Amino acid sequence: MLVVDEGEPTAPAIVFLHGIPGSVDWFAAVAERMVAEFRVIRVDLHELGADGDFSAAARTAPLVSLMNDLDLAGATVVGHSFGAEIALELAARSHRVARVVVVGQAPDYRSASIPTAARWVVRPWAVRVAQRWTPAPVIRLANRSVFAPRFRYDSAPGLAEALVRDFRTALPAGLSYAVGARAADFAAAPLDIRAQALDQPVLAVHGRHDNLYDSTETLARFAAAGAATHLVEHAGHSPQVEQPDEFAAVLREFIRTH
């Protein structure tokens, strides 16, 4: 498991967990803004689920061990999209987590804009074919809707390359799970219910222009569950990439006040 560990080892720790497809690069800009004050740990989750088990418990177990090995205490865990569920599960299972931040993830798929046909089309074998043969410009074009209108890839150094690389290296079974069985798992245990059950404070951050999950309903449900919320007006599904200054400021304030 690749771990990027930066900053003073004795400083308060922040653990960043990316989505799928994704990588540690998706929190690089925020890490740069936080590392002077915090120990910033970005974890590569590519291998979680490689054995075919995408349950929250299975994907969280290696992270519990990692936090124990690093001897973290009072850590803030930030999970984006696919990583949000893991962040909440980690908080439920580890005494080393003091607070949780959920980014760009609705409690379930009730208001998700994922075509029903996707669960039949996005099969592991089809994903492998697309990963190998889809041209880089097409991958970048297909990801335009993930970001807010008028967002430019060149405003986030390395993003254009990361989009292509992360798609090509994502677990095909993980992408299939994300548009298929994950809906049933969330229906059985929505993330707002999981957040409400935690002893740790939770912050939900969402972009106004997220085309995957409705921002108003998402934040309303987390707020009803007792979580703090923040809406990033000029962002889509990845506010930490699109508006890193605002995201870092909100994260810093959440840690300070909780």
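Because the structure is a prediction, the values reported are computed rather than measured.

Participant: Would you mind going over the overall build of the protein with me for this structure?
Facilitator: From N to C terminus, the protein includes 13 helices and seven strands. Dimensions of the protein, computed from the C-alpha atoms along their principal axes, are close to 45 × 40 × 35 Å. Out of the 258 residues belonging to the protein, those deemed buried represent 53%. Taking contacts inside the protein between residues at least 6 apart in sequence as the whole, the part at least 24 apart equals 77%. As presented, the protein carries roughly 11,400 Å² of accessible surface, and 56% of it is formed by carbon and sulfur atoms. Computed over 24 positive and 29 negative side-chain charges, the inter-centroid distance for the protein is 5 Å.

Participant: Sorry, what's going on with the nonpolar core here?
Facilitator: Looking at soluble globular proteins, one finds that nonpolar side chains tend to be buried together. Leu-17, Val-43, Leu-63, Leu-88, Val-100 and Val-202 are the most contacted members of the largest nonpolar core, which has 37 residues in total. Here this core gets six residues from one element, more than from any other, and that element is helix α3 (residues 82-93). Residues Val-78, Val-103, Ala-235 and Val-250 belong to the second largest nonpolar core, which totals 21 residues.

Participant: How should helix α7 (residues 159-169) be read in this particular structure?
Facilitator: Helical geometry: 3.6 residues make up each α-helical turn, so side chains three or four residues apart lie on a common side. Three or more residues of α7 are buried, namely Leu-159, Ala-160, Ala-162, Leu-163, Val-164, Asp-166 and Phe-167. In this structure, the buried side of α7 is in contact with α5 (124-133), α6 (136-142), α8 (172-179) and α12 (239-242).

Participant: Help me understand the pairing of strand β7 (residues 228-232), please; the structure alone is not making it clear to me.
Facilitator: The two faces of a sheet get side chains in turn, since along a regular strand they alternate between them. Judged from the five bridges that link them, strand β6 (residues 202-207) and β7 form a sheet pairing that is parallel. If you follow Gly-207 over to β7, its bridge partner there is Val-232. Handedness of the crossover joining β6 and β7 through helix α11 (residues 215-224) is recorded here as right-handed.

Participant: Honestly, the layout of surface pockets in this entry has me stumped. Any pointers?
Facilitator: Gaps left between atoms are located by rolling a probe of water-molecule size over the structure's atoms. Computed from the structure, the second largest pocket encloses a volume of approximately 270 Å³. Lining the second largest pocket we find 15 residues, and of these Asp-25, Ala-28, Ala-29, Ala-156 and Pro-157 sit closest to its centre. Considering only residue class, the lining of the second largest pocket consists of nine nonpolar, three polar and three charged.

Participant: How do you make sense of the sheet that holds strand β5 (residues 97-103) when you look at a structure like this?
Facilitator: In sheet architecture, strand pairing relies on hydrogen bonds along the backbone and comes in two forms, parallel and antiparallel. Strands sit in the order β1-β3-β2-β4-β5-β6-β7 across an open sheet of seven strands; the sheet is mixed. Whereas interior strands pair on both sides, the edge strands pair on one side only; in this sheet they are β1 (3-6) and β7. The average angle at which neighbouring strand axes cross in this sheet is 15 degrees, direction not considered. Alignment of β1 against strand β3 (residues 39-43), held across four bridges, turns out to be antiparallel.

Participant: In this structure, what is going on with a nonpolar patch on the surface? I would like to understand it.
Facilitator: Taken together, the side chains of Trp-125, Val-129 and Trp-133 define a hydrophobic patch exposed on the protein surface, amounting to about 410 Å² of accessible area. Residue placement: Trp-125 occurs in helix α5.

Participant: Help me out: how do you make sense of the pairing of strand β2 (residues 13-17) in this one?
Facilitator: Judged by how many residues are buried, β2 sits mostly within the fold: five of five residues are covered. Residue alternation in β2 divides its side chains into two sets, Ala-13, Val-15 and Leu-17 and Ile-14 and Phe-16, and both sets are buried. Taken together, β2, helix α1 (residues 28-34) and β3 constitute a β-α-β crossover, and its handedness is right-handed. Relative to strand β4 (residues 75-80), β2 is paired through four bridges, and the arrangement is parallel.

Participant: How should empty space enclosed by the protein be read in this particular structure?
Facilitator: For the coordinates displayed, the defined rule picks out one cavity of 30 Å³ or more. Along its surface, the largest cavity is lined by 14 residues, and His-18, Ile-20, Leu-45, His-46 and Phe-82 are the ones closest to its centre. The class makeup of the residues in the lining of the largest cavity is nine nonpolar, four polar and one charged.

Each value, and the rule that gives it
Residues numbered from 1 in each chain as written. Predicted model: local features only at pLDDT ≥ 70, side-chain atom pairs only at ≥ 80, totals over all residues. Heavy atoms only, no water. Helix = DSSP H or I, 4+ residues; strand = E, 2+ residues; numbered from the N terminus. Buried < 20%, exposed > 50% of the residue type's maximum accessible area, 1.4 Å probe, protein only. Contact = heavy atoms within 4.5 Å. Areas by Shrake-Rupley, 256 points an atom, 1.4 Å probe, with all protein chains shown as cover. Lys, Arg positive; Asp, Glu negative; His and termini not counted. Charge placed at Lys NZ, Arg CZ, Asp CG, Glu CD. Core = buried A, V, L, I, M, F, W, Y, C linked by side-chain atoms within 4.5 Å. Pairing = 2+ DSSP bridges. Right-handed = clockwise from strand over helix to strand, strands pointing away. 1 Å grid on protein atoms, 1.4 Å probe; cavity = no way out; pocket = protein on both sides within 12 Å on 5 of 7 lines; lining within 4 Å. Points joined across faces, edges and corners; volume = space filled by probe spheres on them. Nonpolar A, V, L, I, M, F, W, Y, C, P; charged D, E, K, R; others polar. Axes fitted to C-alpha atoms, helices over the stretch in contact; angles between N-to-C directions. Patch = residues over 30% accessible without salt bridge, like charges linked within 9 Å, V, L, I, M, F, W, Y side chains within 5 Å. Salt bridge = Lys/Arg side-chain N within 4 Å of Asp/Glu carboxyl O.

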